[in-house]
Amino acid sequence: GESVGLHLPTLSVQEGDNSIINCAYSNSASDYFIWYKQESGKGPQFIIDIRSNMDKRQGQRVTVLLNKTVKHLSLQIAATQPGDSAVYFCAENQAAGNKLTFGGGTRVLVKP
Amino acid sequence: DGGITQSPKYLFRKEGQNVTLSCEQNLNHDAMYWYRQDPGQGLRLIYYSQIVNDFQKGDIAEGYSVSREKKESFPLTVTSAQKNPTAFYLCASSILGGQAEAFFGQGTRLTVV
């Protein structure tokens, strides 16, 4: 079936360095993508989104890049802080529907 | 404050019992979702609803049931047919249209004892 990023790898990063989290999606009809952050025992929180008519979008310390040619999405976190330690999920949706599909997530561990 | 509320936060169930998880939102959202999350795993869609009195199966609907009698409420029943119900359950809501973020509740951790 269609899927978004099935794996849950762990990314260890030194405090102050930049982090890059990757996500692959397989549904070429998806046209809206979201990154979520989930802390232990809590629900996911919205970080940033991007529509398929864009390649890049920036927020506060975060940048999302979308490469539709290879169906790849990435989240860049600048100057990673201890509070950024969490699991990060990408999700996809289609303008024609409301079936938000999540990838497997990436755990980010920030080392002091 | 507007938001989405799940209750209870922790729930224990005996084998063979049905149990219902509550999800309420006051965001005036049409779409609501239920996801299941196992330890170290991603979110898997159980059921979703785009309008009152209508809902669709997600990827892992077997052993679960839902209702959508009111716009604000989307309760999930975990039935005895669900063979491995111990998990973290997340409810979410969003506006319709597919290009909007979903807002999540804080989750219910269900444990079968």
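For every chain, the first residue of the written sequence is number 1, and numbering continues from 1 onward in sequence order. Naming scheme: in the order in which they are written, chains are lettered from A and ligands are numbered from 1. At least 70 in pLDDT is required for a residue's local features to be given in this predicted model, at least 80 for side-chain atom pairs to be given and counted, and no such filter applies to totals for whole chains, interfaces and linings, which use all residues. With hydrogens and water set aside, each side-chain value is computed from the structure's full complement of heavy atoms.

1. Topic: the overall build of chain B
No. 1: Put simply, DSSP marks the helices as runs of H or I at least four residues long and the strands as runs of E at least two long, and each gets a number from the N terminus on. Assigned secondary structure in chain B consists of 0 helices and 11 strands.
No. 2: Here, two residues are considered to be in contact whenever any of their heavy atoms come within 4.5 Å of each other. Counting only contacts in chain B whose residues sit at least 6 apart along the sequence, the fraction spanning at least 24 positions is 52%.
No. 3: Working convention for charge: Lys and Arg count positive, Asp and Glu count negative, and His plus the chain ends are omitted. Charge positions are represented by NZ for Lys, CZ for Arg, CG for Asp and CD for Glu. With 11 positive and 11 negative side-chain charges, chain B shows a separation of 8 Å between the mean positions of the two kinds.

2. Points about the sheet that holds strand β2 (residues 19-24) of chain A
Through backbone hydrogen bonds, the strands of a sheet pair up, either in parallel or in antiparallel fashion.
Residue and element names in this part refer to chain A.
No. 1: DSSP calls a pair of strands paired once it identifies at least 2 bridges connecting them. One open sheet accounts for 4 strands, arranged β2-β7-β6-β5; its pairing is antiparallel. Whereas interior strands pair on both sides, the edge strands pair on one side only; in this sheet they are β2 and β5 (56-58). For this sheet, the mean inter-axis angle between neighbouring strands, taken without regard to orientation, is 15 degrees. Orientation is described by lines fitted to C-alpha atoms, with helices fitted over the stretch in contact, and by angles between N-to-C directions that extend from 0 to 180 degrees.

3. Description of the pattern of salt bridges
When the charged atoms of two side chains lie near each other, side chains of opposite charge can form a pair.
Residue and element names in this part refer to chain B.
No. 1: Think of a salt bridge as a Lys or Arg side-chain nitrogen and an Asp or Glu carboxyl oxygen that are within 4 Å of each other. The final tally for this structure, using the stated rule, is 8 salt bridges over all chains.
No. 2: Here aspartate 30 makes a salt bridge to lysine 71, at a shortest N to O gap of 3.6 Å. In this pair, aspartate 30 sits in the loop between β3 (19-25) and β4 (31-37) while lysine 71 sits in the loop between β7 (64-66) and β8 (76-78), placing the two residues 41 residues apart along the sequence.

4. Some points on a nonpolar patch on the surface
No. 1: Nonpolar side chains (Val, Leu, Ile, Met, Phe, Trp, Tyr) are joined into patches within 5 Å and like charges within 9 Å, using only residues with over 30% relative accessible area and no salt bridge. For the area figures, the Shrake-Rupley method with a 1.4 Å probe applies, and any residue is considered shielded solely by the protein chains shown. Taken together, the side chains of Tyr10(B), Phe12(B) and Val113(B) define a hydrophobic patch exposed on the protein surface, amounting to about 380 Å² of accessible area.
No. 2: Among the structural elements, Phe12(B) can be located in strand β2 (residues 10-13).

5. What to know about the interface of chain B and chain A
Size of an interface: often given as the accessible area lost when the parts come together.
No. 1: Taken together, the contacts link 27 residues of chain B with 24 residues of chain A.
No. 2: Here chain B meets chain A over a buried area of about 2,000 Å², counting both sides, of which 51% is carbon and sulfur.
No. 3: For the pair chain B and chain A, the number of links is 0 salt bridges.
No. 4: Under this definition, polar contacts are N or O atom pairs within 3.5 Å; protein pairs additionally need one hydrogen-donor-capable and one acceptor-capable atom, and for neighbouring residues in sequence, both atoms have to be side-chain atoms. Linking chain B with chain A are 4 residue pairs in polar contact (both at pLDDT 80 or more).
No. 5: Listed by contribution, the elements that provide at least two residues to the side of chain B that touches chain A are β4, β5 (43-51) and β9 (87-94) of chain B.
No. 6: The class makeup of the residues in the side of chain B that touches chain A is 13 nonpolar, 11 polar and 3 charged. Buried area adds together the accessible area that both of two parts lose upon being put together, with accessible area traced by a 1.4 Å probe. Throughout, the ten residues Ala, Val, Leu, Ile, Met, Phe, Trp, Tyr, Cys and Pro are labelled nonpolar, Asp, Glu, Lys and Arg are labelled charged, and all others, Gly among them, are labelled polar.

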